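The residues making up each chain are set out below.
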Amino acid sequence: MNGLSSVINLLAYVAATIFVLGFLNKVVLYFKTPSPLKIATTPAPTNSVGVVLRLVPEVLFFRSLLRGGTAEKILWVGGWFFHVSFLLIILRHLRMFVYPVPGWIMSFQQIGIWAGLIFPIALLILIVRRFTNDRLAVISLFQDYFVLLLIIAIGLTGLLLKYFVRTNLVDVKSFILGLFSVSPAQVPASPLFLIHFSLVLILLVYFPFSKLMHAWGVLISPARAQADNPREVRNVAPWAQ
Ligand code: HEM
């Protein structure tokens, strides 16, 4: 194995470790954060079954955005198509990560290609929206643009790999399976693949420290995940007992 391969393999493990530990750290932190008051956005469910029923359509369809005005609906189009196409792209990518490839992964190949094409369009909507909405432009930070540009770059280098600068997928697979089985293998001899892969590593490292943690936060955000039961149950934060 050459020097470059050793470095990339090492960086992949470092990035994966930072992602997993960083994510778990935030999960624990969010759980430990006191929520002494009931602040569920009303009308809200009064028990936990109701909370689950409230969260499912929110997570699957971003329901609260659909109830908003034009600005929220534009965010819905960009956000929903981005997330769904992201999921389909990952499902399509699984063929490069497992051997043998099960039939259900193969059934996502065609729709995954379409998702790859929709992906940058959805991200473009999300980024243009920040420039064109005055209120949003004022509150947008560098980090908001950075993450959108990073993910666009991952999508576009992926499309280049697929349509213009093909790489050897057998080499890609042996590299990835080597990583998973902790027997590091040679990285594919493709600069574009290295760029695509390195951008993904940057995303992994950045994820736990960024607003991308909304992926977990949405499930436990007090305004949406609390039961509205202050009349039935006395709510005492653990530290106040
Ligand atoms: C955030 C995660 C990732 C995103 C959003 C992403 C996105 C994309 C997109 C949109 C394509 C073009 C359409 C397609 O062939 O599916 C693509 C292709 C590709 N991606 Fe990724 N990718 C990600 C992670 C990875 C990883 C971890 C690898 C490492 C194996 C990888 C390797 C490739 C390869 C080799 C291609 C070309 C596939 C082909 O020629 O058919 N990608 N990627």
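Our subject is the structure that appears above.
About the cut-offs
- Residues numbered from 1 in each chain as written.
- Predicted model: local features only at pLDDT ≥ 70, side-chain atom pairs only at ≥ 80, totals over all residues.
- Helix = DSSP H or I, 4+ residues; strand = E, 2+ residues; numbered from the N terminus.
- Near = placed C-beta within 6 Å.
- Nonpolar A, V, L, I, M, F, W, Y, C, P; charged D, E, K, R; others polar.
- Expected span 1.5 Å × (residues − 1).
- Buried ≥ 20, exposed ≤ 12 C-beta atoms within 10 Å, placed from the backbone.
- Arc of directions from axis to C-beta.
- Contact = placed C-beta atoms within 7 Å.
- Bend = angle between axes of the 7 residues up to and from the residue.
- Axes fitted to C-alpha atoms, helices over the stretch in contact; angles between N-to-C directions.
- Parallel < 35°, antiparallel > 145°, perpendicular 65-115°, else oblique.
- Left-handed = near helix turned anticlockwise from the far one by under 90°.
- Core = buried A, V, L, I, M, F, W, Y, C linked by C-beta atoms within 7 Å.

Visitor: For this particular structure, what's the right way to read the overall build of the chain?
Guide: A tally of regular secondary structure across the chain gives twelve helices and zero strands. N-terminal to C-terminal, the α/β element order of the chain is α-α-α-α-α-α-α-α-α-α-α-α. Along the longest, intermediate and shortest principal axes, the C-alpha atoms of the chain span 65 × 40 × 40 Å.

Visitor: Can you help me understand the site of the ligand in this one?
Guide: Around the ligand, a shell composed of 25 residues is seen, among which Gly-116, Gly-155, Gly-158, Leu-161 and Lys-162 lie nearest. Elements with a contribution of two residues or more to the shell around the ligand: helix H4 (70-93), helix H6 (109-132), helix H8 (142-163), helix H9 (169-180) and helix H10 (191-206). For the shell around the ligand, the leading source of residues is H8, giving six residues. Among the residues forming the shell around the ligand, the class breakdown is 15 nonpolar, seven polar and three charged.

Visitor: Would you explain unusual backbone geometry in this entry?
Guide: With glycine set apart, most residues show a phi of negative sign, and most peptide bonds adopt trans. Cis geometry is adopted by the peptide bond preceding Pro-43, which originates at Thr-42 and carries an omega value of 0°. Its location among the elements puts Pro-43 in the loop between helix H1 (3-32) and helix H2 (48-61). The peptide bond linking Tyr-99 to Pro-100 adopts the cis configuration, its omega dihedral lying at -5°. Within the secondary structure layout, Pro-100 lies in the loop between H4 and helix H5 (103-106).

Visitor: Before we go on, may I ask you to explain H8 in this structure?
Guide: Residues separated by three or four positions in an α-helix point in the same direction, a consequence of the helix having 3.6 residues per turn. Given a rise of 1.5 Å per residue, 22 residues ought to cover 32 Å, and the 31 Å separating the end C-alpha atoms of H8 matches this to within 8%. Along H8, the residues that are buried comprise Ile-151, Ile-154, Gly-155, Thr-157 and Gly-158. Along the axis of H8, the buried positions cluster into a sector of 160°, meaning they face one direction only. Turned more than 90 degrees from where H8 packs its buried face, Phe-142, Phe-146, Leu-149 and Tyr-163 sit exposed. Lining the buried residues of H8 we find H6 and H10.

Visitor: Help me understand H6 in this model?
Guide: With 24 residues, H6 should reach 34 Å at 1.5 Å per residue; the first-to-last C-alpha distance of 35 Å fits that figure. The largest bend in H6 is about 30°, located at Ile-118, with the proline Pro-120 one to four residues further on. All buried positions along H6 are accounted for by Gly-112, Ala-115, Gly-116, Phe-119, Ala-122, Leu-123 and Leu-126. On the buried face of H6, the contacting elements are H4 and H8.

Visitor: Can you help me understand the packing of H1 against H10 in this one?
Guide: Geometry of a packed helix pair, given as the angle between the helix axes and the separation of the axes. Two numbers describe how H1 lies on H10: the axes approach to 7 Å, and their chain directions differ by 30°. By the angle between their directions, the pair H1 and H10 is classed as roughly parallel. Both H1 and H10 take part in a crossing whose hand is left-handed. Here H1 contributes Leu-11, Ala-12, Ala-15, Ala-16, Ile-18 and Phe-19 to the contact with H10, which in turn contributes Leu-201, Leu-204 and Val-205.

Visitor: When you look at the nonpolar core in this model, what are you seeing that I'm missing?
Guide: Soluble globular proteins tend to pack their nonpolar side chains together in the buried interior. Core analysis: the largest hydrophobic core is formed by ten residues, namely Phe-82, Leu-88, Ile-89, Ala-115, Phe-119, Ala-122, Leu-123, Leu-126, Ile-151 and Ile-154. For this core, the element with the highest residue contribution is H6, accounting for five residues.

Visitor: Any chance you could explain the environment of Val-20 here in plain terms?
Guide: Along the chain, Val-20 turns up in helix H1. Separated by 139 residues in the primary sequence, Val-20 and Leu-159 have C-alpha atoms spaced 27 Å apart.

Visitor: Explain the environment of Val-200 here, please?
Guide: Along the chain, Val-200 falls in helix H10. Residue classification places Val-200 among the partly exposed positions, given that 17 C-beta atoms sit within 10 Å.

Visitor: Please explain the packing of H6 against H8 as it appears in this structure.
Guide: At a minimum axis separation of 10 Å, H6 and H8 run at an interaxial angle of 155°. Relative to H8, the element H6 is oriented roughly antiparallel. Considering only the axes of H6 and H8, their crossing is left-handed. Facing H6, whose interface residues are Gly-116, Phe-119, Pro-120, Leu-123, Leu-126, Ile-127 and Arg-130, H8 presents Asp-144, Tyr-145, Leu-148, Ile-151, Ile-152, Gly-155, Leu-156, Gly-158, Leu-159 and Lys-162. Taken together, the residues that form the contact of H6 with H8 break down as eleven nonpolar, three polar and three charged.

These figures come from the coordinates and say nothing about function on their own.
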